[in-house]
Each structure stands twice: as structure tokens, then as C-alpha cells.
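Each chain is listed here by its residues.
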Amino acid sequence: MPTSPTPAAAGHAHGESGGLGAVARHHLFWPVLALVALLAVNTAVRPGFLSVSILDDHLFGSPIDILRNCAPLMLVALGMSLVIATRGIDLSVGAVVAISGAVALTFIAGAPDPASPTTVFLAIGMALVLGLVLGVWNGFLVSVLGIQPIIATLILMTAGRGVAMLITEGQITTVTSAPFKTLGAGYWLGLPVATLVAFGVFGLVALLVRRTALGMLVESVGINPSASRLAGVRARTIVWTVFALSGLFSGLAGLILSSNVMAADANNAGLFIELDAILAVVIGGTSLAGGKFSLSGTFVGVLIIATLSLTVTNVGISPLVTPLFKALVVAAVTLLQSPVMRRKLAERTRRRGRTAPVVPSDKPADVSTDKVVA
Amino acid sequence: MGKNFRRAGAAVLAALTATALVACSSEQAPQGGGESPAEGGSATDTIVLGFSQVGAESGWRAANTKSIQDTLTKENGFDLKFSDAQQKQENQIQAIRSYIQQQVDVIAFSPVVETGWDAVLEEAKAAGIPVILTDRAVDSDDESLYESFIGSDFVLEGEMAGEWAKEQYDGEGYKVVELQGTTGAAPAIDRKTGFESAIAGSDLEIIDSQTGNFTRTEGKQVMEGFLQKHDDIDLVFAHNDDMGLGAIEAIEAAGKVPGEDIKIITIDAVKDGMQALADGKINYIVECNPLLGPDLAEIAEKVIAGEEVQKRIVVEDQAFDQEAAKEALPDRQY
């Protein structure tokens, strides 16, 4: 498990800044360290935490659970990263998740043969198109009507669950459909389908953004929309597109979530996922002020949040203090990310360095890795 | 494609309408029936009853609302003014104030939270309008602020679940994991207390307990964690059906048979839960009856007629094992 984010991260880092590889490594260093530390704590509590066995022809173990359960958040956070990069924010993702699951399951439940692949494909297509349309709606409000993103998406955030309730008629819709279950709970080549789908989409977008000029255009819009427009960047189209993508990815996340438990819960599906997604993006080092963004950072951020949830169960933290525990971990990661905080820490280390064994403050990476290993 | 787009378009329209509804419901809903014959307060024929519901957060709540709306009808001699508080106390207080202004005959509500009701209930008392609580209690020192509290006894539900577990499995050294409801919620606290007190003295042992927030997704995730952490789980006690259904998914994914390898006991008895019980995937369900409408109607009539009513009315909760579920399933209302 700990190996999986590192190569991906390294790969993006190179693409991101070419010659400035060292700086990029520095930027991803703290999130990765936080993830490794979390995994280390879990392994300390239960030595078998990272072990993966084979059960019924598929991989089985806590790392696999993390990879599968992080899939919906991965997709939502991917869209969120792009939206935040254009200086926007999308609060409606949770509502889109709920609507998408509600539409798909209500359609499957009402179909004559819920288990037929055609029904399932239609349901998935319908939910995805709907997610896209809702994203286009948000994008329209923001890019064409010029409404502030937080207000524009708030509309759908507030109304969305009501719509999902209307679709499911206030009930939790349950279906039995083997093909649909594959998406959220199935395995392909021993790996969870949900993970393959989410990571696949993530990889595709990362490639698209970093191998073409798209990423740079998104950043330029985030840094200064007017200047980029004057420079010939189609700012409106870019903003519209990222909101549409955010809607589409949230729709896919909703499908995976509902398929995982084979139920569409209009009230609770994707509840507060917008906050988790924003958190993952921020932990990953993307600034809410727009401009520069890091998909690899978001990737690690999502893994941290998913691992954190499992840590609560694994370590056996009392439900009474769970929110506090999560808050402390997030606060620690965010503080370590803050440049001011890091400078202060570095100064203290340097001062102490005169009496204690010298710690080279320009190479914090090696020092802290040693600490974790020890 | 065209059809999909049209559907989507309709959904967007619906979204806008829903925003408008959300905005209106909290302010206007209770004032809907200004021309009602309640003015003199004389309860000759129809009883005007203002009801403020918590919201529509679960299937249980939907069944609860339906029961109240179906029972308190014009035919049964009621004029029901219903408002949905969208899980907000301020909306409920507003709704209750508006009922007081309209001088309804009886006010009934399911309090969102336990505290902070004294002021508005004093107002109702001063206006001479009796108040009935349903499903959830308020935490107030002054019991004269309400006439009666109708609802299930959550501690008893936990005890019934625990008693059955003890009866069936005592002496086999069962290891139990518990999926708790939302931390701090009365049903979660009480069901936990009840279950623990019932299995005290047996050799059933709760080896782990974690919140699953009453939802399937979290129930499944927590159960996955438990299954990785402990390889000797014999029994799951879930504070509601939904978490139990999530646990079933996790157990199946771990290559075990729910109901056989790992026994499951839950509380609620909603339709999906009963189906799973009948299918043998759950072993026992204690019902938490949402059909409070008839009890509410009876108490409201008595209060208006000036009869004495009990301060606490416990709704009768049944319990089902797999055989009972198969029999009961065809005519379940919810």
C-alpha cells in the first residue's frame, strides 16, 4: 500500500515542474509522511494491518478496503481540485452523489429485469448524464451568469437532497442486481472494480491535464481570469468545463457508493462528502485561492482521509472522541503544510542544533523518515 | 439520449422548485389553515391538531409521518396541520408559535433535540393549549409543560435484543461486536445500555463497539474494519436495520455467511430488514414501531375531553425471529 501513492506522486511531480523536482518533492513530502505515519500507527496496533490475502479469487485485507472505500471520495476530490484551481468551489457534490444513486437505483428497481446488463447500463448512463447536466447547470450559473461559485453551488446543495428524496419517495430504495453490484463491490483481476474505475478516471484526467496545456490554462484562469481572457484563454469555457466535470465525477461517485451497499439513501449518501473532498484537496497542498493545483497531492489527501476512517475502527477509538481525533490529525497535517509553521519549526530546530547533534534543516525529508522508521 | 436530457431537465426544474419549497415550508406551512373552525377553541366536532415533524431523514420517519397523516383525517374528526422542521429546532419552535397564534386545540411534535423547549412550551401552557410529545422526549424539569409522551422505550428495545441473545447463545462464549447509532442520540445511548444490562452475567462478551451513524455505508465500513481486526466475531448487534444490512454486505464480502457464521441482531424492523430476516441473513429483529398515529389520536381525544392521561405511554414493540418474519412480511405496512 504505501508504495502505491509514492510512484504516482513522483510521476506527477516530474510532469508538474520538470527541473524543479526537489521543490515538488518537498510539496508532497508532508502529506505522504502523514499517510505513512497513519499506516505505521495502524500496523503498530495490529501487525497484520498491511497484510493482504487472497479470498475467493480476489485480494482481501485492510489496504484493499481502504482502496475500495476511497473510490467515491477520489472521484469527487478530483473534480473538486479542478474547480478549486479555477478559484471556484463546488458545494453541490454531495447532493449530486445522492441524486445519481437515487436515479440509478429507482430506474433499476422499476425495470422488469433488474439483473439484466442492459438495464444496468441504461441506469448508469442515465445517472452519469444527469450528473453532467447538474455540473453544466452549476457551470452555467458561475461562468455565464457570473454568480459566485459558493452561492451558485449552494443552490443545488440545498435542493439536491430534496430532489433525491422526491425520486426515492422518501424511502431507502434497495435493489438486487448482480451486474450493478459489480461496480461498487465487485472485483476484476483480483482488484476492486470501484478502485480500478476511480483510479482509471483519475489517471486519465491527470494525463489530460498535465500532458496537454489544459492544466496550465486552468491555473491561469485561477490566478487571474481577466488577464487570461485578455491573453486569449477561453476562461468561460474552462470554468464551465471544470464544473461540468465535477458534476460528472460526482455522478460516478454516487453510482459507486450506492452500488457498494445496493441502496440509495437520499438523506445520507455522500453526506458531507463536499467537506471531505475540500479537505483532501487542501491536505494535498492545493490552495483555496485558486491557481496552482496538485492532483497527486489530492490523491494522497484522499488516501489519508480513507485511512483515517479505518484507523478509528482499527485502533478502537471511542466514538465519543472520534471527531476530536480526526480533527487533531487534520490540524497536524494542515499545520505541517503551512509555510509559516514550517519556517518556525526549522528555526527552532536550527537553534537547538547548536547544542544537540546537528540536524540539517534544508533536508527535513531524511530526518523525519528516520524518525518514522525508528 | 433525448429522453435522458429531458429527464435531467425535469430534475433541474424540480431542484429549483424544491429550493422554493424549502424556503417556504418553514415559514408558511403552519399558517395554511387560517379559516379553520378552531377559533372558539370549542372541540365540538373536529379537533384541530398542529403537528411539527422532525424531518424526513429515514424510512422509519416516512412511515411515522404517513401513520399520523393517515390517522388524523377529517373522517376521524381531526383537522391536521402538519409541518416539517427539516431537522432544525428553530423551525419547530417557529411552527409551535404559529400553532399557538392560530389557537389550535392540541399541539404535538417530535422534538429534534432534547433541550431548549421550556420557553415555547410555557407559551403554549399560558395559551391553554395542551402539548403531546411523540417518539422523542424533552429534557425539562417541569413535567406540567406537556400532557403525555408517546414513544418506544429504547432501553427496553436494547434489553429485548440482549435477552434473546442470552437465551440463544449463553454458554457458548460468543464474541459480540456492536454497531452503535449516531453518537449522543437517545436511541443509541439507550439501546446500548439496554443490551449491555441484558447480557450482563452471561458469557457473551462485547469485544468491540463503534458508531456506524445509523447508515448502511458506515455500517459496512465499520464492519469491514471489525472483520479485519477480529477473526473470532460470532454476533453483531446493530442499533438499527440499516447498519445491520451494511454489515451483511461486509460479512459476505469477507467470505462468511451472515446469519450462520456470524449471527446478527438489529432493531427497527423496516421492510428491508424484515426481508433479510426472512431470508435468514439476520437472526432477530426488535421492532421500533413507527405507527404512532392511532395512539396520538386517542390521547388527543382524551386530553380534549378532559380525561386523565398517562405522562408516559410506551408503544408496544414486537420482536421477530426468522419464522415470525416470514409470516409477518406479507402484511407489513412499512
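Note that the structure is predicted; figures quoted are calculated from it, not measured.

Analysis parameters
- Residues numbered from 1 in each chain as written.
- Chains lettered and ligands numbered in written order.
- Predicted model: local features only at pLDDT ≥ 70, side-chain atom pairs only at ≥ 80, totals over all residues.
- Contact = placed C-beta atoms within 7 Å.
- Helix = DSSP H or I, 4+ residues; strand = E, 2+ residues; numbered from the N terminus.
- Nonpolar A, V, L, I, M, F, W, Y, C, P; charged D, E, K, R; others polar.
- Pairing = 2+ DSSP bridges.
- Axes fitted to C-alpha atoms, helices over the stretch in contact; angles between N-to-C directions.
- Expected span 1.5 Å × (residues − 1).
- Buried ≥ 20, exposed ≤ 12 C-beta atoms within 10 Å, placed from the backbone.
- Domains from an automatic or database assignment.
- Parallel < 35°, antiparallel > 145°, perpendicular 65-115°, else oblique.
- Left-handed = near helix turned anticlockwise from the far one by under 90°.
- pLDDT = per-residue confidence, 0-100.
- Right-handed = clockwise from strand over helix to strand, strands pointing away.

Caption draft 1: Representation of the interface of chain A and chain B. Facing the 41 residues of chain A at the interface are 36 residues of chain B. Mapped by element, the contributors of at least two residues to the side of chain A that touches chain B are α3 (62-69), α6 (117-144), α7 (149-168), α12 (235-261) and α14 (295-315) of chain A. Looking at which element gives the most residues to the side of chain A that touches chain B, the answer is α7(A), with nine residues. Across the side of chain A that touches chain B, the residue classes break down as 21 nonpolar, 16 polar and four charged.

Caption draft 2: Quick peek at the sheet that holds strand β1 (residues 47-53) of chain B. Residue and element names in this part refer to chain B. Strands sit in the order β2-β1-β3-β4-β5-β11 across an open sheet of six strands; the sheet is parallel. Of all the strands in the sheet, just β2 (78-84) and β11 (312-314) have a single pairing partner and so form its edges. Between one strand and the next, the sheet's axes are offset by a mean angle of 20°, whatever the strand orientation. Across three bridges, strand β5 (residues 148-151) lies against β11 in parallel orientation. Across the sheet, residue G151 finds its bridge partner in β11, namely V314.

Caption draft 3: Main features of helix α4 (residues 71-85) of chain A. Residues and elements named next belong to chain A. Between the first and last C-alpha of α4 there are 21 Å, a value that for 15 residues agrees with the 21 Å anticipated at 1.5 Å per step. By the criterion of burial, α4 is predominantly enclosed, with 15 of the 15 residues buried. Two residues or fewer past α4, R87 is found with a positive phi of approximately 75°.

Caption draft 4: Here's a closer look at the environment of G139(A). All names here are of chain A. The topology assignment puts G139 in helix α6. Classification of G139 as buried rests on a count of 28 C-beta atoms within 10 Å. Between the alpha carbons of G139 and S246 there is a distance of 9.6 Å; along the sequence they are 107 residues apart. Once you skip the residues sitting within four places of it in the chain, G139 turns out to touch V239, W240, F243 and A244.

Caption draft 5: A look at the sheet that holds strand β12 (residues 319-321) of chain B. All names here are of chain B. If you trace the six strands from one edge of the open sheet to the other, you get β7-β6-β8-β9-β10-β12, paired in mixed fashion. For this open sheet the edge positions go to β7 (205-211) and β12, each flanked by a neighbour on one side alone. Taken pair by pair, the neighbouring strands of this sheet meet at an average axis angle of 15°, ignoring direction. For strand β6 (residues 175-180) and strand β8 (residues 235-238), the ladder comprises four bridges, and the chain directions are parallel. Directly across from V176, in β8, lies its bridge partner L235.

Caption draft 6: Up close: the domain arrangement of chain B. All names here are of chain B. For chain B, the domain assignment lists domain 1 (29-152 + 290-317) and domain 2 (154-288). Each of domain 1 and domain 2 has a C-alpha centre, and these two points are 33 Å apart. Tallying the contact residues gives six residues for domain 1 and eight residues for domain 2. For the side of domain 1 that touches domain 2, the per-class residue count stands at one nonpolar, two polar and three charged.

Caption draft 7: How the structure looks around the packing of α4(A) against helix α9 (residues 193-211) of chain A. Residue and element names in this part refer to chain A. Packing of α4 against α9 brings their axes to within 8 Å, and their N-to-C directions diverge by 20°. On the basis of the axis angle, α4 is roughly parallel to α9. Two packed elements cross with a definite hand, and for α4 against α9 that hand is left-handed. Contacts between α4 and α9 involve A71, M74, L75 and L78 from the first element and A194, T195, V197, A198, V201, F202 and V205 from the second. Each residue belonging to the contact of α4 with α9 can be placed in one class, and the counts come to ten nonpolar, one polar and no charged.

Caption draft 8: Quick look at the confidence of the model for chain B. Residues and elements named next belong to chain B. Per-residue confidence for chain B gives a mean pLDDT of 85; residues scoring 70 or more make up 87%. Mean pLDDT across the elements of chain B bottoms out in helix α1 (residues 2-28) (46) and peaks in β8 (97). Segment residues 15-43: pLDDT under 50, and 44 contacts once partners within four positions in sequence are set aside and those in other chains are kept. Model confidence for the complex: the whole-complex pTM is 0.80, and ipTM, which rates the interface, is 0.81.

Caption draft 9: Representation of the pairing of strand β9 (residues 263-268) of chain B in the model. Residue and element names in this part refer to chain B. Most of β9 sits inside the fold, with six of its six residues counted as buried. What you see with β9 is no split at all: K263, I265 and I267 on one side and I264, T266 and D268 on the other are buried throughout. Of the strand pairs in this sheet, β8 and β9 are connected by three bridges, and their pairing is parallel. Following the sheet pairing, V236 is matched in β9 by I264. Here four bridges tie β9 to strand β10 (residues 284-287), and the two strands are oriented parallel to one another. Considered in β10, the bridge of T266 is made with I285. Considered for its hand, the β-α-β crossover made up of β9, helix α9 (residues 271-278) and β10 is right-handed.

Caption draft 10: Seen up close, the packing of α3(A) against α14(A). All names here are of chain A. Two numbers describe how α3 lies on α14: the axes approach to 9 Å, and their chain directions differ by 130°. In terms of their interaxial angle, α3 and α14 are classed as oblique. Regarding α3 and α14, the two cross each other, and that crossing is right-handed. Counted together, S62, D65, I66 and N69 of α3 and A306, T307 and L310 of α14 form the full contact between these two elements. In terms of residue class, the contact of α3 with α14 is built from three nonpolar, three polar and one charged.

Caption draft 11: Molecular detail of the environment of Y334(B). Residue and element names in this part refer to chain B. Within the secondary structure layout, Y334 lies in the segment after α11 (322-328). A residue is classified by how many C-beta atoms lie within 10 Å of it, and Y334, with 18 of them, is partly exposed. With 271 residues separating them in the primary sequence, Y334 and A63 have C-alpha atoms 6.0 Å apart. Sequence-distant contacts of Y334, that is, excluding residues within four places in its chain, are made with A63, V270, K271 and P290.

Caption draft 12: Region of interest: the pairing of β7(B). The sheet contact formed by β6(B) and β7(B) spans six bridges and is parallel. Along β7(B), the bridge assignment pairs Q180(B) with T211(B).

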